[in-house]
Amino acid sequence: EAQVTQNPRYLITVTGKKLTVTCSQNMNHEYMSWYRQDPGLGLRQIYYSMNVEVTDKGDVPEGYKVSRKEKRNFPLILESPSPNQTSLYFCASSSARRDKNTEAFFGQGTRLTVV
Amino acid sequence: AQSVTQPDIHITVSEGASLELRCNYSYGATPYLFWYVQSPGQGLQLLLKYFSGDTLVQGIKGFEAEFKRSQSSFNLRKPSVHWSDAAEYFCAVALSGYALNFGKGTSLLVTP
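Residues numbered from 1 in each chain as written. Chains lettered and ligands numbered in written order. Predicted model: local features only at pLDDT ≥ 70, side-chain atom pairs only at ≥ 80, totals over all residues. Heavy atoms only, no water.

(A) Examining the sheet that holds strand β8 (residues 76–78) of chain A more closely. All names here are of chain A. The four strands lie next to each other as β1-β3-β8-β7, forming an open sheet whose pairing is antiparallel. Both outer strands of the open sheet, β1 (4–7) and β7 (65–66), are each paired with one neighbouring strand and no more. The sheet contact formed by β7 and β8 spans two bridges and is antiparallel. What sits directly across from V66, in β8, is L76. (Pairing = 2+ DSSP bridges. Helix = DSSP H or I, 4+ residues; strand = E, 2+ residues; numbered from the N terminus.)

(B) The packing of aromatic side chains, seen in detail. Considering all chains together, one arrives at 16 aromatic pairs over all chains under this definition. Of the aromatic side chains, those joined through ring pairs into one cluster are Y35, F90 and F106 of chain A together with Y32, F34, Y36, F51, F90 and F102 of chain B. (Phe/Tyr/Trp six-rings, centres within 6.5 Å; stacked < 30°, edge-to-face > 60°.)

(C) Highlighting the pairing of strand β8 (residues 64–68) of chain B. Residue and element names in this part refer to chain B. Bridge count for strand β7 (residues 56–58) against β8 is three bridges, and the pairing is antiparallel. When the sheet's bridge partners are listed, V57 is paired in β8 with A65. Where β8 meets strand β9 (residues 73–78), five bridges bridge the pair, whose relative direction is antiparallel. Within β9, the position partnered with K68 by the bridge is S73. Between β8 and the antiparallel strand that follows it, β9, lie four residues; S72 among them carries a positive phi value of about 50 degrees.

(D) Spatial organisation of the pairing of strand β2 (residues 10–14) of chain B. Residue and element names in this part refer to chain B. The alternating pattern of β2 places I11 and V13 on a buried face and H10, T12 and S14 on a face that is not buried. One ladder, built from five bridges, connects β2 with strand β12 (residues 106–111); its direction is parallel. Within β12, the residue paired with I11 across the bridge is L108. (Buried < 20%, exposed > 50% of the residue type's maximum accessible area, 1.4 Å probe, protein only.)

(E) Examining the side chain of R36 of chain A more closely. Within the element layout of this structure, R36 of chain A appears in strand β4 (residues 31–38). If near-sequence neighbours (up to four positions away) are discounted, R36 of chain A is found in contact with G42, L43, R44, I46, V60, Y64, N84, Q85, T86, S87, L88 and Y89 of chain A. (Contact = heavy atoms within 4.5 Å.)

(F) Quick look at the nonpolar core. Membership of the largest hydrophobic core comes to 27 residues, with the highest contact counts inside it found for L19, W35, L47, L48, F74, L76 and Y89 of chain B. Top element by residues in this core is strand β10 (residues 87–94) of chain B. It accounts for four residues. Contacts of L48 of chain B, omitting those with residues within four sequence positions, involve L33, F34, W35, V57, Q58, G59, F63, E64, A65, F74 and L76 of chain B. Core analysis: the second largest hydrophobic core is formed by 19 residues, V4, M27, V66 and L112 of chain A among them. (Core = buried A, V, L, I, M, F, W, Y, C linked by side-chain atoms within 4.5 Å.)

(G) View of empty space enclosed by the protein. All names here are of chain B. For the structure on display, the rule yields one cavity of 30 Å³ or more. Of the voids in this model, the largest cavity is the one considered here, and its volume is about 40 Å³. V37, S39, L47, K61, F63, S84, D85, A87 and Y89 are the residues that line the largest cavity. Tallied by class, the residues present in the lining of the largest cavity amount to five nonpolar, two polar and two charged. (1 Å grid on protein atoms, 1.4 Å probe; cavity = no way out; pocket = protein on both sides within 12 Å on 5 of 7 lines; lining within 4 Å. Points joined across faces, edges and corners; volume = space filled by probe spheres on them. Nonpolar A, V, L, I, M, F, W, Y, C, P; charged D, E, K, R; others polar.)

See below:
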């Protein structure tokens, strides 16, 4: 089954304690990205990756890091989390094909609370 | 600047009534267009998408959307709403087909 898997689904942490949210896809997709969802703001892109070792900033990259060492994995790293990073996070992947069959697949989301 | 606007933050409809959710975009070229639905506590599910061709697009769960180039709009419609349609709906656009820019969402409430 084609899927994007995020872990953990829920996380409560304290300010300043480094954390990593993992994302893995089994569709051999080139493109992966991270979004955060906040009430009234919709989904905003944090970082994206066009392929292995190729990453770039999205609209709200401050306070986040990513890496793409393998095609299937795209972890999101918060080196020093702060309360304003409390949010619902989604990972997504899609093929790099630009045709009608292109579709972004989303993970189930990670609800992060930073206290 | 490139933007996606969903003018309605909340919409309430009666079960069985018709539904239209609005989406407008501001891009230099015609982008790829998507509608996603998010049920409470759930992830995002793709309802339908437009890449080219027929401007009336059919999706899952009885939804359809019409692309109107002259109005830069991609409104989502459903002839008869069911209580299970209560959810958050997001319009999204992309120039490349995969780098999505989302609207802020419309929350749909369905009353008996």
